[in-house]
Amino acid sequence: MAQYNLSINGKSMNVDVDPNTPLLWVLRDHLDLVGTKFGCGIAQCGACTVHIDGEAVRSCSYPVSVIEDKKVVTIEGLSEKGDHPVQKAWLEHDVPQCGYCQSGQIMTAASLLAENPNPTDEEISYAMNGNICRCGTYTRIKAAVKTASKSL
Amino acid sequence: MKTASTKINRRSFLKVSALTGGGMLLSLNWLAACQPKEANALGMPKEWFQFNGFIKIGENGLVTIMSPNPEGGQNVKTSMPMIVAEELDVDWENVLVEQADLDTKYFTRQFIGGSQAIRSGFTNLRTAGATARAMLVAAAAQSWNVPANEITVKTGIISHKGSGKSANFGEFASLAATMPVPEEVPLKSAGDFKIIGTSKKNVESKNIVTGKPLFGIDTKREGMLIAMIVHPPAFGKTLKSFDDSKARNMPGITDILQIKSIQDDYKKTFFDTVQFTDLIAVVGESTWQVLQAKKAIKAEWEIQEAYEEKRDMLGREGIRVVPKGLESMASQEQAMMVAAQKPQTQRKDGDPEAAFAQAAKVIERSYTGPFLAHNCMEPMNFFAHVKGDRVECAGPLQKPELTEQALSSRLGIPLENIEIAMTRLGGGYGRRSYAHWLIEAAVISQKMNAPIKLIYTREDDMTGGVYRSRYQATYRAALDENNQMIAFHVNAGGLPENPLYPDRFPAGAVANYLAEGWEVPSNITTGSFRAPRSNFMACVEQSFLDEVAEAAGKDPIDFRLELLADAKANPVGERNDYDAERYAKVLELLREKANWGSSKDGISRGVSAYFCHNSYAAQVLDLKIVDGEVKIDKVTNAIDCGLVVNPDAAKNLCEGAVVDGIGTAMYGELKFENGVVNNSNFHQYRQIRMKESPDSIETYFVENGEDPSGLGEPAYPPVFAALANALYQATGKRFYDQPFINQLNS
């Protein structure tokens, strides 16, 4: 076990965990931030996507010990009032079905748009391809990313 | 206008206080979800007045509607309350929606399955709304001293024209809740619907996009421990012994124990399928610690002996034969070939063999479909807290009512002492009908005397599932010299389930028809998978008909319409389970909307149609091959599911079915080697991703005034064949074996 001081959603948080513990389980079990989802545990589905220094990262495969002073943002911290342009676009297109993968989808989309505010269809598909939606909402996800892109 | 009697399911419409003094319904979720919608002008009421199991109204006019069924992405949590709100005549903006707990006293059929929620709930939901509305009107009539039949209600406002009086629901909520429950209530004509048939946003979207705890796996309680299981590494094996000396001493581990989920002498019902009853349970403080200890357990496994289990198969006595052995793909194939030679006749019309003997042309083709895993994005999980003779549970379930019975029997705790909160399902697709993990969680909780959240890893689920069966079918069609189909023969079977629906199209359209089915016992557990059996039969039947149409020199839509015209004018047999006219209408709508017959550079088109779950679905799929990769340009859906309650949400569901169907047809496959599942996680089980899904999907509904039928499943099965038929147009190759990617790459 080891003590870590983490910057999560702009707040400083302390945890005492095994250094190998993936960020996913630190968030879910120790910090009660359960918006980040467990899907596969091997970085294949994207349900656990968070931002680390702005970059979309699979938190299930990212040990707490290497975070150091990097800034972590989860779905709960993407915007204060749930009104990030990507979140608004998701509501406009009424994207979710079961909804389980959507926080990961939104985090990947927000990271894409931060880097590339006007992505082409191919760029959207490329960026979003690591996020599985088992319900099959991909056409709406793509439409929502385009809508968000226009409002940025 | 028609009327509905409140005598059927009367308990649903009685005042809650009269039954329980506000007990059960006021537990768990009742208060927790009562947050006002953003910017709701009414704000939260000081007091709620309960009208029936579905409705309570605040003194300020705000209305809470209970959504009775579990929500797993079908959007019933929005569409079911919309139906209640319609007959209540409330402003949808002033409605809060809340998930009901499992409660058989007030609600019927709290299921996900069979695309039945809206279809079988429709009248009940409307009656609940109309009953409360009638009580409000009665209260206003009494207070204003005017005849009730002179009172009108519009979007939450009660008015009396003669006296000029008007009030919002809240003003009469207190009095109305004490009025007698009417024996009979009027229901609106469809033409008067204001909410039904308009697109309403998913009531949970805001919570989803902001990451609120909605799912079973998000459950947390004071003192809760995490549990995981270790199950046998192969079907056909069982636990012999285990060494937990290392795991037991790892940090954060509370206990490691052997459990038995369902007892051997328990008479299982249809949904009590359980793959491994003897398990090792690892219990600890945090998920990561439990995961590490789980890996450190050294278990020995032995071969499971063959056995038979008696089961209640939805009211029918059934026996499941569970053979001994470690199955592999090749051994299964051999057994299926043998079984296919000795099928049971399930339907015979005319004299098929004589017709085949005199045919000008006979087309014969064989098809296969592999085992499939459900792979819900939210891994299997459940929370259970056994406290003496009571148990509190929470988690994702498709058939909570049946699960509750198994749980009650296993724990020796009476049904009335079991509380089950139905959390949102992170996908179901049939998998969460088989809730053995709830029993496992509760057994662990009982032994540990602690609140337990059981979580399966992705590997636990994928390698220990209740899969879709492995199927096979051979079709033969006979054409005469005028290219009329004079005979049709299907021989279909599966390991372990026979997928055949003998009374479906083209049964009824062909004078000489033979349908035969067979089964091969297996120790691999299988069960419902989105549109059970139809998900295979639609693919193979509609692929075959495409080939028969081609052999007959006919356009594939014209060919089907000719058969449907025959089935309508001169139906063969009396058990045909489809309406030929509705079937034809959906194809005609598709032909128009997809602009069938037109051509676009480089685009190959395939068509397919199917009837299941009381609805008709037809699709045209447009694709092209770019650098050896399949690019799906567009899918056009035409659907007849009767009345559509929430059109945009209904379209979303159809889009999802199309994407899911394409992905499954193209990539879905689970393989066994000596009883071991070869696919353990998403790196070995390919799910469709954005790049492979269609660029656009258009959905059109037939408007015919019929009551609503199913929608979660019907759009899924036909798209498999629309894809196969389009791939044929693009590649010149017919696709007989799923997943299609294997043949594309060979």
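As recorded by an unreviewed UniProt entry, chain B carries the name Isoquinoline 1-oxidoreductase beta subunit and is attributed to Algoriphagus iocasae.

An unreviewed UniProt entry annotates chain A as Isoquinoline 1-oxidoreductase alpha subunit of Algoriphagus iocasae.

Undergrad: Sorry, what's going on with the overall build of chain B here?
TA: Tallying secondary structure elements over chain B gives 20 helices and 32 strands in all. If you line up chain B on its principal axes, its C-alpha atoms span 80 × 75 × 50 Å. Buried positions account for 55% of the 746 residues belonging to chain B. Nonlocal contacts in chain B, meaning residues at least 24 apart in sequence, comprise 78% of its contacts between residues at least 6 apart.

Undergrad: Looking at this structure, how should I read helix α15 (residues 534-551) of chain B?
TA: Since one α-helical turn is 3.6 residues long, residues separated by three or four positions face the same way. Residues and elements named next belong to chain B. With 18 residues, α15 ought to run about 26 Å at 1.5 Å a step, and its terminal C-alpha atoms sit 25 Å apart, in line with that. Buried residues dominate α15, accounting for 15 of its 18 residues. Of the residues flanking the end of α15, it is G553, one or two places downstream, whose phi is positive at about 70°.

Undergrad: How do you make sense of the UniProt feature "domain: Aldehyde oxidase/xanthine dehydrogenase a/b hammerhead" (unreviewed entry) in chain B when you look at a structure like this?
TA: Summarizing the sequence annotation, UniProt attributes the feature "domain: Aldehyde oxidase/xanthine dehydrogenase a/b hammerhead" (unreviewed entry) to residues 210-305 of chain B in the numbering used throughout. End C-alpha to end C-alpha, residues 210-305 of chain B measures 50 Å, and it is 14% helix and 38% strand.

Undergrad: Even after reading the chapter, I still don't get the interface of chain B and chain A, so can you show me in this structure?
TA: Frequently, the measure chosen for interface size is the accessible area that the parts lose on association. Taken together, the contact between chain B and chain A spans 51 residues of the former and 47 residues of the latter. Looking at the side of chain B that touches chain A, the elements that each hand over two or more residues are α7 (205-209), α9 (287-295), α18 (647-667) and β32 (696-701) of chain B. Counting residues per element, the side of chain B that touches chain A draws most heavily on α18(B), which supplies seven residues. Classifying every residue of the side of chain B that touches chain A gives 18 nonpolar, 19 polar and 14 charged.

Undergrad: Help me out: how do you make sense of the confidence of the model for chain B in this one?
TA: Regions with low pLDDT carry predicted coordinates that are not meant to be interpreted in detail. On average, residues of chain B score 93 in pLDDT, and 95% of them are at 70 or above. Predicted confidence is poor over residues 16-39 of chain B, with pLDDT under 50, and the contacts of this stretch with residues over four places away or in other chains come to 32 contacts.

Undergrad: I'm lost on the sheet that holds strand β4 (residues 55-58) of chain A in this one. Help?
TA: Pairing between sheet strands relies on hydrogen bonds along the backbone, with the strands arranged either parallel or antiparallel. Residue and element names in this part refer to chain A. Strand order across the open sheet formed by five strands is β2-β1-β5-β3-β4, with mixed pairing between neighbours. The two strands at the open ends of the sheet, each matched to only one other strand, are β2 (11-17) and β4. Within this sheet the neighbouring strands show an average axis-to-axis angle of 45°, counted without direction. Here strand β3 (residues 49-52) runs beside β4; their pairing, made up of four bridges, is antiparallel. In the strand pairing of β4, I52 is matched with E55. Against the sheet, helix α1 (residues 23-30) contacts β2, β3 and β5 (71-73), and its axis sits at roughly 100° relative to β2. In this fold helix α3 (residues 102-115) packs onto β3 and β4, with an angle of close to 35° to the strand it touches most, β3.

Undergrad: How do you make sense of unusual backbone geometry when you look at a structure like this?
TA: Glycine aside, residues mostly have negative phi angles, and peptide bonds mostly take the trans form. In the segment running from B:L495 into B:P496, the intervening peptide bond is cis, with an omega of 0°. Inspection of the secondary structure puts B:P496 in the loop between β25 (485-495) and β26 (512-519). Residue B:P739 is bonded to the preceding B:Q738 through a cis peptide linkage, with omega at -5°. You can see B:P739 is positioned in the loop between α19 (716-731) and α20 (740-745). The backbone of A:A43 sits at a positive phi, close to 60°, despite the residue not being glycine. Since 19 C-beta atoms lie within 10 Å of it, A:A43 is described here as partly exposed.

Undergrad: For this particular structure, what's the right way to read the packing of α18(B) against α19(B)?
TA: Helix packing geometry: the angle between the two helix axes and the distance between the axes. Residue and element names in this part refer to chain B. Packing of α18 against α19 brings their axes to within 8 Å, and their N-to-C directions diverge by 55°. Overall, the two elements α18 and α19 adopt an arrangement that is oblique. For the pair α18 and α19, the sense of crossing is right-handed. Contacts between α18 and α19 involve A657, V658, D660, G661, I662, A665 and M666 from the first element and Y716, V719, F720 and L723 from the second. Among the residues forming the contact of α18 with α19, the class breakdown is nine nonpolar, one polar and one charged.

Undergrad: Explain α1(A) to me, please; I cannot follow it from the model alone.
TA: Buried residues dominate α1(A), accounting for eight of its eight residues. Listing the buried residues of α1(A) in full gives A:L23, A:L24, A:W25, A:V26, A:L27, A:R28, A:D29 and A:H30. Residues of α1(A) that are buried sit in contact with β2, β3 and β5 of chain A together with α9 of chain B. Count one or two residues on from α1(A) and you reach A:D32, which has phi positive near 55°.

Undergrad: Just to check I follow, could you spell out the sheet that holds strand β4 (residues 63-67) of chain B for this structure?
TA: Residues and elements named next belong to chain B. Overall, mixed pairing links the four strands, which are arranged β2-β3-β4-β5 in an open sheet. For this open sheet the edge positions go to β2 (48-50) and β5 (95-99), each flanked by a neighbour on one side alone. Adjacent strand axes in the sheet meet at a mean angle of 25° when their direction is disregarded. The sheet contact formed by strand β3 (residues 55-58) and β4 spans three bridges and is antiparallel. Paired with I55 across the two strands is I65, which belongs to β4. Against the sheet, helix α4 (residues 76-88) contacts β3, β4 and β5, and its axis sits at roughly 130° relative to β4. The strands touched by helix α6 (residues 169-176) within the sheet are β2, β3 and β4, with β3 carrying the most contacts at an inclination of about 120°.

Undergrad: Got a minute to help me understand the domain arrangement of chain A in this structure?
TA: Residues and elements named next belong to chain A. Once the domains are mapped, chain A shows domain 1 (2-77) and domain 2 (85-151). Once you take the C-alpha centre of each, domain 1 and domain 2 turn out to be 21 Å apart. Listed per partner, the contact involves 14 residues of domain 1 and 12 residues of domain 2. Residue assignment for the side of domain 1 that touches domain 2 shows that the elements contributing at least two residues are β3 and β4.

Parameters and conventions
Residues numbered from 1 in each chain as written. Chains lettered and ligands numbered in written order. Predicted model: local features only at pLDDT ≥ 70, side-chain atom pairs only at ≥ 80, totals over all residues. Helix = DSSP H or I, 4+ residues; strand = E, 2+ residues; numbered from the N terminus. Buried ≥ 20, exposed ≤ 12 C-beta atoms within 10 Å, placed from the backbone. Contact = placed C-beta atoms within 7 Å. Expected span 1.5 Å × (residues − 1). UniProt positions renumbered as here; feature names shortened; annotations may be inferred. Nonpolar A, V, L, I, M, F, W, Y, C, P; charged D, E, K, R; others polar. pLDDT = per-residue confidence, 0-100. Pairing = 2+ DSSP bridges. Axes fitted to C-alpha atoms, helices over the stretch in contact; angles between N-to-C directions. Parallel < 35°, antiparallel > 145°, perpendicular 65-115°, else oblique. Left-handed = near helix turned anticlockwise from the far one by under 90°. Domains from an automatic or database assignment.

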